[in-house]
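Chain and residue survey
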Amino acid sequence: MRTCVFPGTFDPFTIGHKDIADRALGCFDRLVIGVGFNQAKPEAGEAATRRAQAIGRLYSHDDRVTVEAYTGLTVDFARRHGATHIVRGLREVKDFEYERNLADCNSAISDIETVFLIARPEYGYVSSSMVRELIANGYDACRFLPKEES
Ligand code: ADP
């Protein structure tokens, strides 16, 4: 049983994130989507729990997927779930530089391997901050957000 953790802030969880999660499911037996939050920020835990519940509804038909809010180090979260791998998405060089530092740090402190999936070209420009900006300015951002399956 190979378990992978997909950590992120997911504020909100976009079609780009969903694509990475779905493709990771093609490589692992179980996927744990971890909605990370900073305990020092008031209300952050409740907001992350609400986001985790919303993401969980997208996968309610798939028992390979668990979604949970967490705080603290991702490697500790991964260990608690018996995960051997962390998956992250790469859109551009900026992502690579940031992600490489994280992956280096995680491999220095644990045996957990980080794997990267390259964003599909059609989702490469999609980001949570872009979606938040659209919504804040009264635009409909639905097409960047995954739909629940019925
Ligand atoms: P974090 O705050 O941990 O960077 P995000 O929620 O912004 O969390 O992103 C989680 C992961 O998803 C990161 O690896 C990020 O690079 C990746 N990601 C974000 N948007 C996309 C996208 N459109 N396509 C592919 N990967 C993405």
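This section reports on the structure supplied with the text. In every chain, residue numbers begin from 1 and rise along the written sequence. In keeping with the predicted nature of the model, local features appear solely for residues at pLDDT of at least 70, side-chain atom pairs appear and are counted solely at 80 or more, and the whole-chain, interface and lining totals rest on all residues. The basis for every side-chain value is the complete set of non-hydrogen atoms in the structure, without hydrogens or water.

Definitions used for this entry: grid spacing 1 Å over protein atoms alone; cavity, a set of points where a 1.4 Å probe fits but cannot get out; pocket, an open set with protein on both sides within 12 Å along at least 5 of 7 lines; lining residue, one with an atom within 4 Å of a point. Grid points are joined across faces, edges and corners, and a volume is the space filled by probe spheres set on the points. Considering only enclosed or pocket space, the largest pocket measures out at about 1,200 Å³ in volume. Around the largest pocket, the lining is made up of 45 residues, and of these Pro 7, Gly 8, Thr 9, Arg 88 and Tyr 98 lie nearest the centre. To qualify as a helix, a DSSP run of H or I must reach at least 4 residues; to qualify as a strand, a run of E must reach at least 2; elements of each kind are numbered from the N terminus. Counting only elements with at least two residues in the lining of the largest pocket, the list comes to β1 (3-8), α1 (15-25), α3 (74-80), β4 (85-90), α4 (93-109), β5 (113-118) and α5 (128-136). Charged residues are taken to be Asp, Glu, Lys and Arg, nonpolar residues to be Ala, Val, Leu, Ile, Met, Phe, Trp, Tyr, Cys and Pro, and polar residues to be all remaining types, Gly included. Considered class by class, the residues forming the lining of the largest pocket number 20 nonpolar, 16 polar and nine charged. Approximately 290 Å³ is the volume attributed to the second largest pocket. What lines the second largest pocket is a set of 14 residues, among which Pro 12, Phe 13, Ala 54, Leu 145 and Pro 146 lie closest to the centre. The dominant element in the lining of the second largest pocket, judged by the number of residues it contributes, is helix α2 (residues 44-58), at five residues. Here the residues of the lining of the second largest pocket sort into 10 nonpolar, no polar and four charged.

Our next topic: unusual backbone geometry. Note that the residue after Asp 11, namely Pro 12, is joined by a cis bond; omega there is 5 degrees. Mapped onto the elements of the fold, Pro 12 is located in the loop between β1 and α1. The residue Phe 10 is not glycine, and still its phi comes out positive at about 50 degrees. Take Phe 10: it is sitting in the loop between β1 and α1. Even without being a glycine, Glu 43 presents a positive backbone phi close to 75 degrees. Counting through the fold element by element, Glu 43 comes out in the loop between β2 (30-36) and α2.

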